[in-house]
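# Commentary on secondary and tertiary structure
What follows is each chain in one-letter form.
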Amino acid sequence: MTTIEIDHTSRWFGNVVAVNDVSMTVGPGVTGLLGPNGAGKSTLINMMAGFLAPSTGEVTLDGTRIWRNEAVYKSIGIVPEREGMYDFLTGREFVVANAELHGLGEAAAHKALATVEMQYAQDRKISTYSKGMRQRVKMASALVHDPSVLLLDEPFNGMDPRQRMQLMELLRRMGAEGRTVLFSSHILEEVEQLASHIEVIVAGRHAASGDFRKIRRLMTDRPHRYLVRSSDDRALAAALIADPSTAGIEVDVAEGALRIQAVDFGRFTTLLPRVARENGIRLLTVSPSDESLESVFSYLVAA
């Protein structure tokens, strides 16, 4: 079980603080590193990959320091956001070159190219590749030595829908095999579809960690919104509105439901069934309407 530990780590460039006192643990499975553009995601990944030294704090792989430690590259595969490719090479030549750096040969390169489904274009020069094809060849070079850790910085950039689905399936499979897979993204849909765990970075700081629904439930200082359908919506609204746990109730005629904003999560969850029972009202649907990743992310960014 391979784990990356980030311990009170900061990185600054002159007077600009890119990462500010971040602590987190990234373990087996697929983890999404989520944040707006400029939040510090790439800087954090570059420190995990050993490309950048922390200004303070430490980044370790299974307890071993990553910075200036060549041995960690036996375990880590990296797909950087920047191209850093040799356009005069073919895709096969590029992946073979990376294989040889690990003491491997053409067989490893062929397997990696097959894994990302790039055999059909492996003998074309990289200069002729689309952005999505370049991303897949970078992925092949990262996989060539069968690493236990994969670090991917915005890996879906430039991919068409089919390529994106193929890569998502590959990453899911690798996470299920027990590899430690971390990918960064600012696109909520990608993270929601793929990551079993998220780490949120906002303005260089670690804003949240865990499943996004769990994070939402922990945000007790934010109003919780519910969509409620019952046998008598208007009577239920009248009974609930007087309680201080609710800040607003709207009758949504089109949906045939109530939209309720609860400011006291704990009190409201016990109040609703009690009020319904006392008034002979049957609850048909009670569902949170703000536990999507989009809602959670909006709350965190606005915090």
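Residues numbered from 1 in each chain as written. Predicted model: local features only at pLDDT ≥ 70, side-chain atom pairs only at ≥ 80, totals over all residues. Heavy atoms only, no water.

### Here's the deal with the packing of helix 2 (residues 91-101) against helix 4 (residues 131-143)
How we decide: Angles shown run from 0 to 180 degrees and are taken between the N-to-C directions of axes, each axis being a line fitted to C-alpha atoms and, for helices, limited to the stretch in contact. Comment: elements are numbered from the N terminus, with helices defined as DSSP H or I runs of at least four residues and strands as E runs of at least two. Any angle that falls under 35 degrees is termed roughly parallel, while one over 145 is termed roughly antiparallel, one within 65 to 115 roughly perpendicular, and all others oblique. Two helices crossing with the near one rotated counterclockwise from the far one by less than a right angle form a left-handed crossing, whereas a clockwise rotation gives a right-handed crossing. Only heavy atoms enter the contact rule, under which two residues are in contact if any of them lie within 4.5 Å. In the scheme used here, Gly and all other residues not listed as nonpolar or charged are polar, with Ala, Val, Leu, Ile, Met, Phe, Trp, Tyr, Cys and Pro taken as nonpolar and Asp, Glu, Lys and Arg as charged.
At a minimum axis separation of 8 Å, helix 2 and helix 4 run at an interaxial angle of 25 degrees. In terms of their interaxial angle, helix 2 and helix 4 are classed as roughly parallel. At the point where helix 2 passes helix 4, the crossing takes the right-handed sense. Contacts between helix 2 and helix 4 involve Gly 91, Phe 94, Val 95 and Asn 98 from the first element and Val 137, Ala 140 and Ser 141 from the second. Classifying every residue of the contact of helix 2 with helix 4 gives 4 nonpolar, 3 polar and no charged.

### Looking at the nonpolar core
How we decide: Only buried residues count toward a nonpolar core, which is a set of Ala, Val, Leu, Ile, Met, Phe, Trp, Tyr and Cys residues joined through side-chain atoms within 4.5 Å. Exposure categories follow from relative accessible area, calculated using a 1.4 Å probe and restricted to protein chains: below 20% of the type maximum is buried, above 50% is exposed, and the middle band is partly exposed.
Among the nonpolar cores identified, the biggest contains 52 residues, and Val 95, Met 139, Leu 150 and Leu 171 are the most heavily contacted of them. Considering every element that reaches this core, the biggest residue donor is helix 4, with 6 residues. Setting aside its immediate chain neighbours within four residues, Val 95 contacts Ala 109, Ala 112, Leu 113, Val 137, Ala 140, Ser 141 and Val 144. Membership of the second largest hydrophobic core comes to 24 residues, among which are Val 26, Leu 33, Met 48 and Val 72.

### Concerning the packing of aromatic side chains
Test applied: Pairing of aromatic rings covers Phe, Tyr and the six-membered ring of Trp, with a centre-to-centre limit of 6.5 Å; geometry is then stacked below 30 degrees between planes, edge-to-face above 60, and tilted otherwise.
Using the criterion set out here, one finds 3 aromatic pairs in the structure. With a centroid separation of 5.9 Å and an interplanar angle of 90 degrees, the aromatic rings of Phe 156 and Phe 183 are classed as edge-to-face. Placement of the pair is Phe 156 in the loop between strand 7 (149-153) and helix 5 (161-176) and Phe 183 in strand 8 (residues 180-185), with a sequence separation of 27 residues. By relative accessible area, Phe 156 is classed as buried at 1%. For Phe 183, a relative accessible area of 0% gives the class buried.

### Notes on the pattern of salt bridges
Filter applied, for reference: What makes a salt bridge here is a side-chain nitrogen of Lys or Arg within 4 Å of a carboxyl oxygen of Asp or Glu, nothing more.
Under the definition given, this model contains 12 salt bridges. Note that Asp 87 is salt-bridged to Arg 134, the shortest N-O span being 3.1 Å. Of this pair, Asp 87 sits in the loop between strand 6 (76-79) and helix 2 while Arg 134 sits in helix 4, and the two are 47 residues apart along the sequence. A salt bridge links Arg 179 to Glu 177; its shortest N-O distance comes to 3.2 Å. Residues joined in a network through salt bridges with shared partners are Arg 92, Glu 106 and Asp 123.

### Section: the sheet that holds strand 11 (residues 224-230)
Here is the rule we go by: Note: two strands are recorded as paired if DSSP finds a minimum of 2 bridges between them.
The strand order across the open sheet built from 4 strands is 12-13-11-14, with neighbouring strands paired in antiparallel fashion. The sheet is open, and its two edges are formed by strand 12 (246-252) and strand 14 (283-288), each paired on a single side. In this sheet, adjacent strand axes meet at a mean angle of 20 degrees when their direction is disregarded. Bridge count for strand 11 against strand 14 is 5 bridges, and the pairing is antiparallel. Bridge pairing links Arg 229 to Thr 285 in strand 14. Against the sheet, helix 8 (residues 233-241) contacts strand 11, strand 12, strand 13 (257-262) and strand 14, and its axis sits at roughly 170 degrees relative to strand 12. Its contacts with the sheet place helix 9 (residues 265-278) against strand 11, strand 12, strand 13 and strand 14, and it is angled at close to 10 degrees to strand 11.

### Looking at the sheet that holds strand 4 (residues 56-61)
Pairing is antiparallel in the open sheet, where 4 strands are placed in the order 2-1-4-5. Only two strands of the sheet have a single partner each, and these edge strands are strand 2 (16-26) and strand 5 (64-65). Relative to strand 5, strand 4 runs antiparallel, the two sharing 2 bridges. Looking at the pairing, Thr 60 lines up with Arg 65 of strand 5. Helix 1 (residues 41-48) contacts strand 1 (4-13), strand 2 and strand 4 of the sheet and is inclined by roughly 120 degrees relative to strand 1.

### With respect to the packing of helix 4 against helix 5
Packing of helix 4 against helix 5 leaves a shortest axis separation of 11 Å and a crossing angle of 20 degrees. One way to sum up the angle between helix 4 and helix 5 is to call them roughly parallel. For the pair helix 4 and helix 5, the sense of crossing is left-handed. Residues Gly 132, Met 133, Arg 136, Met 139 and Leu 143 of helix 4 form the contact with helix 5, whose own contacting residues are Gln 163, Gln 166, Leu 167, Leu 170, Leu 171 and Met 174.

### Quick notes on helix 3 (residues 106-115)
Applied cut-off: This arc is taken over the directions from the axis of the helix to the C-beta atoms.
For helix 3, every residue scored as buried is listed here: Ala 108, Ala 109, Ala 112 and Leu 113. Buried residues in helix 3, looked at end-on, bunch into an arc of 135 degrees, giving them a common side. Among the exposed residues of helix 3, those oriented more than 90 degrees off its buried face are Ala 107 and Lys 111.

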